[in-house]
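Notes for the structure review
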Amino acid sequence: MTHYRTIWISDIHLGTAGCQADYLLDFLKHNEAETFYLVGDIIDGWRLKKSWYWPQAHNDVIQKLLRKVRKGAEVFYIPGNHDEMARQFIGMTFGEIQIQNEMIHTTANGRRLWVTHGDLFDSVMQYAKWLAYLGDTAYTFVLVVNRWFNNIRIRLGFQYWSLSQYLKHKVKNAVSFIADFEVIMAREARKRQCDGVICGHIHKAEIREIDGLLYCNDGDWVESLTALVETFDGELKIIHWPHILDDASENRPEPIILSSYLPIPLALDPTAAPLQTTALDSSPLEFTQ
Ligand SMILES: [Mn+2]
């Protein structure tokens, strides 16, 4: 079990066949945090509306998160576009899971990071919902192929390898879309007087600096199998979890760290009030559909 100060996970898409719940369950089993942020697209309401899909493993994910709360972890849920129905419950608490529109997280070394799903700043999402749906169907198909492909790979003794991630990086438009999204998010973080942003939505885990702002994306659990974590020193890391560990076995692989970043600590005033996690004024952001 590895202990972190904070863990961010998003884009789990429970309720879809694409959700890799078994990997996430294993990650949650071996990683603990004081605070968890569920950064949107946790339950896929779009897809559930079309056809009901809810295997036991998806229940287990919810149970696991509720158990973390019972054991003293703080859990925040920031809805995304696939679970936008949860946005009507902003400010409310379900089984001690607090629902917020967006938040500001202060790292152990005093950095203010704006936490939001990110769809409200995605131009495709905002102006053409039908286009987003179309993309969703094609994407679902790639994920199905990805799963077949990996079932075969694993049976043959190979490691998990994301076909969809590979394709995404090959498509030029996707690459420029991702770059634009990252820049917009960093700019929005600056507007909010934050040192950076933590988001999800585009299923591309990342930690990088953009114009002096920190851009972090916690990835997803349908293709990249990644989470963002903060250590007790305020170091941010992307953890990739492509394995399901055998409890009985002694040889546990080390977590795969894809990227890490230690923001330069601010000169903290030792007499200042303790740093806190604060919810933003929960007036909904303006966006048109
Ligand atoms: Mn999304």
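Right above here is the structure, for reference.
In what follows, the accompanying structure is described. (Residues numbered from 1 in each chain as written. Predicted model: local features only at pLDDT ≥ 70, side-chain atom pairs only at ≥ 80, totals over all residues.)

1. Remarks on the overall build of the protein chain
Per the secondary structure count, the protein chain includes 7 helices and 14 strands. Restricting the contact set of the protein chain to residue pairs at least 6 apart, pairs at least 24 apart contribute 69%. (Helix = DSSP H or I, 4+ residues; strand = E, 2+ residues; numbered from the N terminus. Contact = placed C-beta atoms within 7 Å.)

2. Looking at the sheet that holds strand β3 (residues 74-77)
With mixed pairing, 8 strands are arranged side by side in an open sheet as β4-β5-β3-β2-β1-β11-β12-β13. In this open sheet, the two edge strands, each paired with only one partner strand, are β4 (93-94) and β13 (256-261). Pairing of strand β1 (residues 2-9) with strand β2 (residues 31-38), which is carried by 7 bridges, proceeds in the parallel orientation. Paired with Tyr-4 across the bridge in β2 is Ala-33. (Pairing = 2+ DSSP bridges.)

3. Concerning helix α1 (residues 21-30)
Regarding α1, the residues found buried are Ala-21, Leu-24, Phe-27 and Leu-28. Mapping the buried residues of α1 onto a view down its axis gives an arc of 120 degrees, with all of them on the same face. Structurally, α1 contributes buried residues whose contacts are with β2, α3 (56-70) and β11 (226-230). (Buried ≥ 20, exposed ≤ 12 C-beta atoms within 10 Å, placed from the backbone. Arc of directions from axis to C-beta.)

4. Section: the environment of Val-39
Following the sequence through the fold, Val-39 ends up in the loop between β2 and α2 (45-50). As a C-alpha pair, Val-39 and Glu-102 span 63 residues in sequence and 9.0 Å in three-dimensional space.

These values are about where atoms sit, not about what they do.
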